[in-house]
Amino acid sequence: MVSLPPEIVRNHSETLSPKQGWREVLVQSNKEMIQEMLASAASGQTARSIDDIAIAVAEKMMSTGIATQLLEESSGALSPMVKYASTETAEKGPQLTDIQAAHWDIWSGKVDDASKVDQLLEQRKLSKSSPHGGSNEMLVLVEEGDCPDHGSCTSEEERNRMQAGLELRTTTQQYTWMRWKEKPTSVLLVAKQGDVEVTRRLRDIASWVDSQGCFVILEPDLWAEVQGKPPPEFSPPKRKQTKEASNKWRWGDGQGLVPGFAERVRTWTPGKDKLEESIDLVVCVGGDGTLCWASGLFSRAMPPVISFAAGSLGFLTPFPVSDWLKVLMPVLGAKCEVHPLQVACRMRFQMRLTRQDEETPEDPKPIPVQAMNEVLVHRGSSPYLVKLEVFVNDKLVTMVQGDGLIIATPTGSTAYSLAAGGSMMHPAVPGIILTPVCPHSLSFRPVVLPDSAVVKVQVPLSSRSSRVMVAVDGKDRIELKRGDFIEVEVSQYPIPTVCKSSVTADWFRSVNEALQWNLRLEQKKA
């Protein structure tokens, strides 16, 4: 057994903190390693390998009294902030009620304006600040006790709702910054399925985030795969199924992960947990579809998102997946300080549905689906052209006859809308794009509406097609019949995506690299 120096024994008797104790163990381990290597070289015998010496020293150090006590006190947890989730009761009711998302501020202008935000919050005792309107001045959106939608928020539930996630009434600011009040401690990891390389990166990221004392939260299906269990019945709407449906991510075993990772990793119960109140940061590993999928997990406010490119296009994923540690270390590192991050507040849509054969409610509730790219009204499998009446702010503006109509956000302007002939739009432009799909007309051009517009699309009673489909971000959601209509408007819950350089620089980089915009050989000199 290794004999500890007197000063270590003395300090140990005086009750070392866990940090001091592990430091002393590491110091003594390094000393033992050097002594073993010198002794092996001086013995004249066959030199032992570095691995053999390291394993021997590790076994000696693990048997010391201080190491044994530290392991017993930690009970396998890497940080006092980390709590174990009971696997026996994990699938019963809400699972994230013990995790509270950190508050954060958001402002427009320059990064140095953070000091002005602090002064403003101190003077008015606000829970949040946010840009509002078209000027560069910082204006208050939410004041303690005030709620834009409900007047005075007096209940604890309403106050908590206002403190979670992000609520903006416009996305017109060119430069928007955010900063957590304290270091974020809960991270949702969302990754592309079925890609071995992506899963390998995901394992590395998850293990590192866990080692920094943060809660790692995974989708229910992935959490079940990590636990070696079948997917829970309450999983979110299924993604496209693969042949290996029970092993979608190909997670593998626990080799290479930090000890106790499977016991500490968390998940949620759809419909019961409020993700926006428990998650500080979303980390996406994949392509644009992965970010779109992550957006669909949040029907209300959404925390900041860092997207790593590991897909086929990567238009919305500015960070290379190989740089994940360099990107996440300043944000989640155990010793990092909280710094402002520039974000792009990407517009989302909310939608309402009214049926012709039902009593029309005075104020139909929004469908709990947020559209990041577009809402598509199309003919589906019908052989007939679709016939649609389009209203803007309750005024009939046109009749669509063709394969369908795309209502796109600025983010979605480079997706299906672009393929259908729509214009590209900078994500900071507050506009709504109407793009026809194969219109039976030579004069129907795409148009851009202000973000204050409410677009109503109705299937007229005179339509030949009795069935019209509505797809949100590429997934069919609703079937409309004659007389039914939907109303689409800008949601107050945008997606705050973290920028690599700036909103404009990232956008033009994607346009040039992913879409090869306006690239041609230069002319030679005359």
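Residues numbered from 1 in each chain as written. Predicted model: local features only at pLDDT ≥ 70, side-chain atom pairs only at ≥ 80, totals over all residues. Heavy atoms only, no water.

You'll find the chain entered in an unreviewed UniProt entry as NAD(+) kinase, with Durusdinium trenchii given as the organism. Under the heading Sequence similarities (unreviewed entry), UniProt records this for the chain: "Belongs to the NAD kinase family." (UniProt positions renumbered as here; feature names shortened; annotations may be inferred.)

Novice: Is there a simple way to explain the overall build of the chain in this structure?
Specialist: The helix and strand tally for the chain stands at 13 helices and 23 strands. Burial analysis of the chain (526 residues in total) assigns 50% to the buried set. In the chain, the proportion of contacts linking residues at least 24 apart, taken out of those at least 6 apart, comes to 71%. Carbon and sulfur atoms make up 52% of the accessible area of the chain, which amounts to about 26,400 Å² in all. (Helix = DSSP H or I, 4+ residues; strand = E, 2+ residues; numbered from the N terminus. Buried < 20%, exposed > 50% of the residue type's maximum accessible area, 1.4 Å probe, protein only. Contact = heavy atoms within 4.5 Å. Areas by Shrake-Rupley, 256 points an atom, 1.4 Å probe, with all protein chains shown as cover.)

Novice: What's the story with the side chain of Lys-248 in this structure? I'm lost.
Specialist: Note that Lys-248 resides in the loop between helix H8 (220-227) and helix H9 (261-264). A relative accessible area of 7% means that Lys-248 is categorised as buried.

Novice: Could you clarify how one ought to interpret unusual backbone geometry in this entry?
Specialist: Glycine aside, residues mostly have negative phi, and peptide bonds are mostly found in the trans state. Phi is positive for Asn-393, which is not a glycine, with a value near 55 degrees. According to the relative accessible area criterion, Asn-393 is partly exposed, its value standing at 47%. In this structure, Asn-518 is a non-glycine residue whose phi angle is positive, near 55 degrees. Within the secondary structure, Asn-518 is located in the segment after helix H13 (503-514).

Novice: When you look at the sheet that holds strand S17 (residues 431-437) in this model, what are you seeing that I'm missing?
Specialist: Sheets are built from strands that pair by backbone hydrogen bonding, the pairs being arranged parallel or antiparallel. Read from one edge to the other, the open sheet built from 6 strands follows the order S18-S17-S16-S13-S20-S21, with strand pairing classed as antiparallel. The open sheet has two free edges, formed respectively by strand S18 (447-450) and strand S21 (475-480), since each of these has just one partner strand. Between one strand axis and the next, the sheet turns through 20 degrees on average, direction left out of account. Strand direction decides the pairing type here: S17 and S18, joined by 4 bridges, are antiparallel. Within the sheet, the bridge partner assigned to Gly-431 lies in S18 and is Pro-450. (Pairing = 2+ DSSP bridges. Axes fitted to C-alpha atoms, helices over the stretch in contact; angles between N-to-C directions.)

Novice: Explain the nonpolar core here, please?
Specialist: In summary, soluble globular proteins display a tendency toward joint burial of nonpolar side chains. With 44 residues, the main nonpolar core has Leu-189, Phe-261, Val-285, Phe-308, Leu-328 and Leu-332 as its most contacted residues. In terms of residues, this core owes the most to one element, helix H7 (residues 196-211), which gives 6 residues. In contact with Phe-261, not counting residues within four places along its chain, are Ala-206, Ser-207, Asp-210, Val-216, Val-226 and Trp-251. In terms of nonpolar packing, the next biggest core, distinct from the first, is built from 29 residues, Phe-444, Leu-449, Val-470 and Val-472 among them. (Core = buried A, V, L, I, M, F, W, Y, C linked by side-chain atoms within 4.5 Å.)

Novice: Hey, could you run me through the confidence of the model for the chain in this one?
Specialist: Detailed reading of the predicted coordinates is not advisable wherever pLDDT is low. With 75% of its residues at a pLDDT of at least 70, the chain reaches an overall mean of 79. In this model residues 75-90 is a low-confidence stretch, pLDDT under 50, and it forms 32 contacts with partners more than four residues away in sequence or in other chains. (pLDDT = per-residue confidence, 0-100.)

Novice: Help me out: how do you make sense of the packing of aromatic side chains in this one?
Specialist: The geometry of an aromatic ring pair is captured by the separation of the ring centres together with the interplanar angle, meaning the angle of the planes. Going through the model one piece at a time under the given rule, you end up with 5 aromatic pairs. Ring centres of Trp-208 and Trp-324 lie 6.0 Å apart, and the angle between their planes is 70 degrees; this geometry places the pair in the edge-to-face category. Residue Trp-208 is located in helix H7, and its partner Trp-324 is located in helix H11 (residues 324-332); the two are separated by 116 residues in the primary sequence. As far as the burial class goes, Trp-208 and Trp-324 line up, both buried. Judged by centre distance (5.0 Å) and plane angle (75 degrees), the rings of Trp-507 and Phe-508 are edge-to-face. Connected via pairs of aromatic rings, a cluster forms that spans Trp-507, Phe-508 and Trp-517. Across the ring face of Phe-391, the terminal group of Lys-456 is positioned such that the distance to the ring centre comes to 4.8 Å. (Phe/Tyr/Trp six-rings, centres within 6.5 Å; stacked < 30°, edge-to-face > 60°. Lys NZ or Arg CZ within 6 Å of the ring centre and 35° of its normal.)

Novice: So what exactly am I meant to see when it comes to the environment of Arg-445 here?
Specialist: Tracing the sequence through the fold places Arg-445 in the loop between S17 and S18. A relative accessible area of 56% means that Arg-445 is categorised as exposed. Linking Arg-445 and Leu-434, residues 11 residues apart in sequence, is a C-alpha distance of 8.8 Å.

Novice: Just to check I follow, could you spell out empty space enclosed by the protein for this structure?
Specialist: To find leftover empty space, one rolls a probe the size of a water molecule over the atoms. Considering all chains together, one arrives at 8 cavities of 30 Å³ or more under this definition. Looking at the largest cavity, its volume works out to about 130 Å³. Forming the walls of the largest cavity are 14 residues, and the residues nearest its centre are Leu-316, Pro-318, Arg-346, Thr-497 and Asp-506. For the lining of the largest cavity, the secondary-structure elements that each account for two or more residues are strand S10 (341-346), strand S23 (495-498) and H13. Considering each element in turn, the lining of the largest cavity owes the most residues, 4 residues, to H13. Per-class residue counts for the lining of the largest cavity are 9 nonpolar, 3 polar and 2 charged. (1 Å grid on protein atoms, 1.4 Å probe; cavity = no way out; pocket = protein on both sides within 12 Å on 5 of 7 lines; lining within 4 Å. Points joined across faces, edges and corners; volume = space filled by probe spheres on them. Nonpolar A, V, L, I, M, F, W, Y, C, P; charged D, E, K, R; others polar.)

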